[in-house]
Structures are given as C-alpha cells and as structure tokens.
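Coordinate inspection notes
For reference, the chains in residue letters:
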Amino acid sequence: MKFNKEVLFKPLNRANPVTVLVLGICSSLAVTAQLKPALVMGISVVIVTAFSNLIVSFLRNGIPNRIRIIVQLVVVAALVIIVEQVLKAFAYEMWKSLSVFLGLIITNCILMGCLEAYALGNKPFDSFLDGIGNGMGYAIVLFIVGFFRELLGSGSLFGIKVIPKALYDAGYANNGLMILPPMALIIVACIIWVQRSINKELQEK
Amino acid sequence: MDLLNLFIKSVFVDNMIFAYFLGMCSFLAVSKTVKTSMGLGIAVTFVLVVTVPVNYLLNTYILKEGAMAWISPKLAGIDLSFLSFILFIAIIASIVQILEMVVEKFAPALYASLGIFLPLIAVNCAILGASLFMQQRNFNSVGESTVYALGSGIGWLLAILGMAAIREHLKYSKIPAPLRGLGITFIIAGLMGMAFMGFMGIKL
C-alpha cells in the first residue's frame, strides 16, 4: 500500500473543492458566523467524505452503473446519520446550532464529486486519502471564513474575547455586518482573489 | 391569509439562496445565461412542490414520535425521526427519477427544455433543505407545506434569474484578472444577499 501524497495534499490548495472546483458551498457558509460550529462542521465533513469514499471504493465493482447515485446517497446518508446522532448525544448545543445543515452534508456536492470522480475508479486506500484531502480543503476554507467573521463580527475567537477593552474605549466597534450571511460570500471571494493572485494558472479568461 | 403570508415570507424573507445559502452550487454553476437559469429554476420549483408534501406525509404518518399510532396503539411509542435524512433523500431521488420518466413521456417539449437539469436536482441542497425545514418548523397541513415549497421554489427562481441577468452584462466590464469568473460571482451574490436582507425586518 503506497502512501500517495499528491492525492492527499492537492485538494488543500491547487484543487481546493470550494474555491477552485465550486463544490459544497451550499451547506457550508451559513455555519461560519462563529469559529466553533465552522470547525465542527469541517470535521464532520472530513469524516463523512473519508469513510464514504472508502466504502464506495470497496463496493465499486459490485454497484450496477444505473443505480449508482442512489447507492452513493444511501451510503452517505447512513454516515451522516451516525455523525448526527453522535453529536446529538455528546454535544447537544452544537447539534442544535448546526440544525438542518448537518443533514445537508448529504447533498454536499463535494461528496458526490469525490465519489463519482475518484472512489468509483480507484483503490480503497487512495480513495480514503482523497476523501480526507477534499474534506480538509473544505474545512480549511470554513476555518478561514469563520475566523474572520467571528474576529471582526463579535471580536472573539471560539467565544473568547480577544480584542482588548482599551480598543473599544478608543472607539473601535464590532462590525455587525460580518455576522450576516452575505459577508460569508464576500470573504470567500476575497480568499479566491488572494489564491488566484498567487496561483496565476487558476485565473479565468 | 396565513397561507399568503407564508408564501411571501418564503419567497423574500426566508429566501433559500440569500438567507440560507441552499442550492448555491447550481446557482453559481448554471447562472451563466438567463435561458438556462429559467429552465433550472422551473425544474427546481416543480420538484420542490412535489417532494415537500410527500415528505410531509411521510414525516407526519411514519417518522414523527408517536406518528404511527394510527396503525395500532402499540406503535405509538416509536420515534423514527433519526431515519428522516435517509428516507427524505431516497424519496427525493426516486421522485426525481419518476418525474423524469413522466415528463419525457407526456411533455416532450418540457423535457427537452429541462434536459440535464432534472436528474441533477436530486442532489440540489435546496430540495432536501426545504424538506428538513418543513420537518423542523412543524407545518400543520399538506396545504401549508405545499405553499412553503412553492414559495421557496419561486424565491430560488427569482434569485437565479437576477444573477444570470447580471452575469450576462458582466461580459462587458473590466474585472481584475484574479477575480474573473468565480470571484466576482461570489461578490455579486453577496451584494444581492445584502439587498434581500432589506426584507428581513418585515413582520407578516
């Protein structure tokens, strides 16, 4: 079993699922107003992508081509239910704040993208790495967006105040706009901007 | 009157795209021209109006805690709500499949114009999202859930049409190279979201 570094690390930057492939924006941005739910969501997605890739890759020779989408959805949905029930049992508050967005991991296009493009044609171990890589690529974007939104919007990180009181006394105010949904999109746009200025080959004509 | 309120609320205030980011992937990928956006928007609305009431019935008569009491009193203590994800998505996938066959058979013109969009809709988050919101908000009747589905669908249609119209004009503007394509689309979606937030304070 060879450890394929390329498969694991490419999705973190050059083939990032969110900023380059435009997958999985749907269920992600609404949870990034604070860092903690963003992190939990990121970890959940890593777990689900990794294991669904592994399972589908094991099944790949047995799945009839015509019903493969339904089979994939069932595998993914079962994994998401496990993650959801674990969170509900051990982190109830977090489960509540993520609400329907946990369930929406099922229709996260990253999953279908990985499964269709990679797991159906590759060995289980490589697919597992691909799943972790893509999940991490997604989690990193969530983390960056969550970091800026919570820092600028509430002046805190992980719920702990980090901006000193002296700054508020000097007239600094939290930017309430950062908490609202549209800013998530604009921060992602900024990430894309920075990323594409560094990696020129990603620019569109 | 309540139904009208619900409709307006789900079109503007709780807009699927700008308030919850649902269906974002296809919203960004397909909004290049007005014509295809129209096709996708209609397909989404159509599928929503069919699937949400079906999932509502499934939820009320089978999944909810105590929902199976109508079969026999012994089943009243069963709570199957943890199965809702898997059943909702299975229902959505199969309804989309059936719809595709029915539309192909009875309305070939519509089928040709919807084309590849119909099968893709099974994995559109807006569809599953609407079913999950339906479950979370405890709607009281089939009528309410249908109206909610129709409103969400039309809200989605409006959003993608607006986006496509703006993107058609973007071809003629000067955009910094790294922002071209995806980046500027995100920014436009953000700005449109801000405009839609004007509806947020409305109490109906």
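Computed from a prediction, not measured in an experiment: that's the story for all the values here.

**Focus on the overall build of chain B**
Secondary structure summary: chain B contains 10 helices and 0 strands in total. Overall, chain B shows an N-to-C arrangement of helices and strands of α-α-α-α-α-α-α-α-α-α. Burial status across chain B gives 51% buried among its 204 residues. Restricting the contact set of chain B to residue pairs at least 6 apart, pairs at least 24 apart contribute 77%. When the accessible area of chain B is evaluated, it comes to approximately 9200 Å², of which 71% is carbon and sulfur surface. Of the side-chain charges in chain B, 12 are positive and 8 negative, and the distance between the mean point of each set is 13 Å.

**Notes on the overall build of chain A**
Looking only at helices and strands, chain A has 9 helices and 2 strands in total. Going residue by residue from the N terminus, the α and β elements of chain A occur as α-α-α-α-α-α-α-β-β-α-α. In terms of C-alpha radius of gyration, chain A reaches 18 Å, essentially the compact-globule figure of 17 Å for 205 residues. Overall, the C-alpha framework of chain A stretches about 65 × 45 × 30 Å when taken along its three principal axes. Per-residue burial for chain A yields a buried fraction of 53% across its 205 residues.

**Considering helix 9 (residues 181-198) of chain A**
For helix 9 of chain A, spanning 18 residues, the distance from its first C-alpha to its last is 27 Å, which sits close to the expected 26 Å at 1.5 Å a residue. Most of helix 9 of chain A sits out of view: 13 of its 18 residues are buried.

**A few points about the packing of aromatic side chains**
A ring pair, where both rings are aromatic, is described by two values, the distance of the centres and the angle of the planes. All names here are of chain B. According to the stated counting rule, one finds 6 aromatic pairs over all chains in the structure shown. Ring centres 6.2 Å apart and planes at 90° place the aromatic pair phenylalanine 18 and phenylalanine 27 in the edge-to-face group. Neither residue differs from the other here; phenylalanine 18 and phenylalanine 27 are each classed as buried. Three or more aromatic residues joined by ring pairs form one cluster here, namely Phe18, Phe27 and Phe196. The ring centre of phenylalanine 133 lies 4.6 Å from the NZ or CZ of arginine 137, which sits over that ring.

**Observations concerning the confidence of the model for chain B**
For chain B, the average pLDDT comes to 82, and 94% of its residues sit at 70 or higher. Model confidence for the complex is summarised by a pTM of 0.80, with the ipTM given as 0.77.

**Points about the nonpolar core**
Counting 108 residues, the largest nonpolar core has Ile106(A), Leu22(B), Met24(B), Phe27(B), Trp156(B) and Phe186(B) as its most contacted members. When neighbours within four sequence positions are excluded, Ile106(A) is seen to be in contact with Leu73(A), Val76(A), Ala77(A), Val80(A), Leu111(A), Phe85(B), Ile89(B) and Leu128(B).

**Concerning a nonpolar patch on the surface**
Residue and element names in this part refer to chain A. Taken together, the side chains of Leu39, Ile43, Ile47, Phe51, Ile55, Phe58, Leu59, Phe143, Phe158 and Ile160 present a nonpolar region at the surface, about 890 Å² in accessible area. Among the elements that make up the nonpolar patch, the one with the highest residue count is helix 2 (residues 35-59) (7 residues). Relative to the elements of secondary structure, isoleucine 55 occurs in helix 2.

**Here's the deal with the packing of helix 2 of chain A against helix 6 (residues 109-117) of chain A**
Residues and elements named next belong to chain A. Close contact between helix 2 and helix 6 brings their axes to 10 Å; oriented N to C, the two are set at 30°. Overall, the two elements helix 2 and helix 6 adopt an arrangement that is roughly parallel. Helix 6 is crossed by helix 2, and the crossing has right-handed handedness. Residue-level inspection shows Val48, Thr49, Ser52, Asn53 and Val56 of helix 2 in contact with helix 6, the latter providing Ile110, Leu111, Cys114 and Leu115. Here the contact of helix 2 with helix 6 is composed, by residue class, of 6 nonpolar, 3 polar and no charged.

**Focus: the interface of chain A and chain B**
Contact residues are listed per partner, giving 43 residues for chain A and 40 residues for chain B. Interface area for chain A against chain B, summed over the two sides, is near 3600 Å², with a carbon-plus-sulfur share of 84%. Along the contact surface separating chain A from chain B lie 0 salt bridges. Scanning the region where chain A abuts chain B turns up 0 residue pairs in polar contact (both at pLDDT 80 or more). At the level of secondary structure, the elements contributing two or more residues to the side of chain A that touches chain B comprise helix 3 (68-90), helix 5 (100-103), helix 6 and helix 9 of chain A.

**Notes on the confidence of the model for chain A**
Residue-level pLDDT values for chain A average 81, and 96% of them are 70 or greater. Mean pLDDT across the elements of chain A ranges from a minimum in helix 1 (residues 5-9) of chain A, with 72, to a maximum in helix 2 of chain A, with 87.

About the criteria used
- Sequence order as written defines residue numbering, which begins from 1 separately in each chain.
- Whichever chain is written first becomes A and whichever ligand is written first becomes 1, with later ones labelled in order.
- In keeping with the predicted nature of the model, local features appear solely for residues at pLDDT of at least 70, side-chain atom pairs appear and are counted solely at 80 or more, and the whole-chain, interface and lining totals rest on all residues.
- Remark: hydrogens and water are excluded; side-chain values derive from all non-hydrogen atoms of the structure.
- A helix here means a DSSP run of H or I that spans at least four residues, while a strand means a run of E at least two residues long, and both kinds are numbered starting from the N terminus.
- Exposure categories follow from relative accessible area, calculated using a 1.4 Å probe and restricted to protein chains: below 20% of the type maximum is buried, above 50% is exposed, and the middle band is partly exposed.
- In what follows, residue pairs with any heavy atoms lying within 4.5 Å of each other are defined as contacts.
- Here the open area of atoms and residues is found with the Shrake-Rupley method and a 1.4 Å probe, where only the protein chains shown may cover a residue.
- The sign given to each residue is positive for Lys and Arg and negative for Asp and Glu; His and the chain ends receive no count.
- To locate a charge, take atom NZ for lysine, CZ for arginine, CG for aspartate or CD for glutamate.
- The atom set for the radius of gyration is the C-alpha atoms, and the globule formula is 2.2 Å times the number of residues raised to the power 0.38.
- Each helix should span, by expectation, one fewer than its residue count multiplied by 1.5 Å.
- Only the six-membered ring of Trp is used, alongside the rings of Phe and Tyr, when aromatic pairs are assigned; centres must lie within 6.5 Å, and planes under 30 degrees apart are stacked while those over 60 apart are edge-to-face, with the rest tilted.
- Should the NZ of a Lys or the CZ of an Arg lie within 6 Å of a ring centre and within 35 degrees of the ring normal, that charge is described as sitting over the ring.
- Every residue gets a pLDDT, meaning the predictor's confidence in that residue, from 0 to 100.
- Here, the term nonpolar core denotes a set of buried Ala, Val, Leu, Ile, Met, Phe, Trp, Tyr and Cys residues that are joined through side-chain atoms within 4.5 Å.
- Two joining distances apply to patches: 9 Å for like charges and 5 Å for nonpolar side chains (Val, Leu, Ile, Met, Phe, Trp, Tyr), and every residue must have over 30% relative accessible area and no salt bridge.
- Think of a salt bridge as a Lys or Arg side-chain nitrogen and an Asp or Glu carboxyl oxygen that are within 4 Å of each other.
- Between N-to-C directions, angles cover 0 to 180 degrees, with each direction set by a line fitted to C-alpha atoms, over the stretch in contact for helices.
- Orientation categories follow fixed angle ranges, with anything under 35 degrees roughly parallel, anything over 145 roughly antiparallel, 65 to 115 roughly perpendicular, and all other angles oblique.
- Here a crossing is taken to be left-handed if its near helix is turned anticlockwise relative to the far helix by less than a right angle, and right-handed if that turn runs clockwise.
- Three categories are distinguished: nonpolar for Ala, Val, Leu, Ile, Met, Phe, Trp, Tyr, Cys and Pro, charged for Asp, Glu, Lys and Arg, and polar for the others, with Gly belonging to the last.
- Two parts placed together each lose some accessible area; with a 1.4 Å probe, that loss summed over both constitutes the buried area.
- By the criterion applied in these results, polar contacts are pairs of N or O atoms within 3.5 Å in which, for protein atoms, one can donate a hydrogen and the other can accept it, and in which residues neighboring in sequence qualify only through two side-chain atoms.

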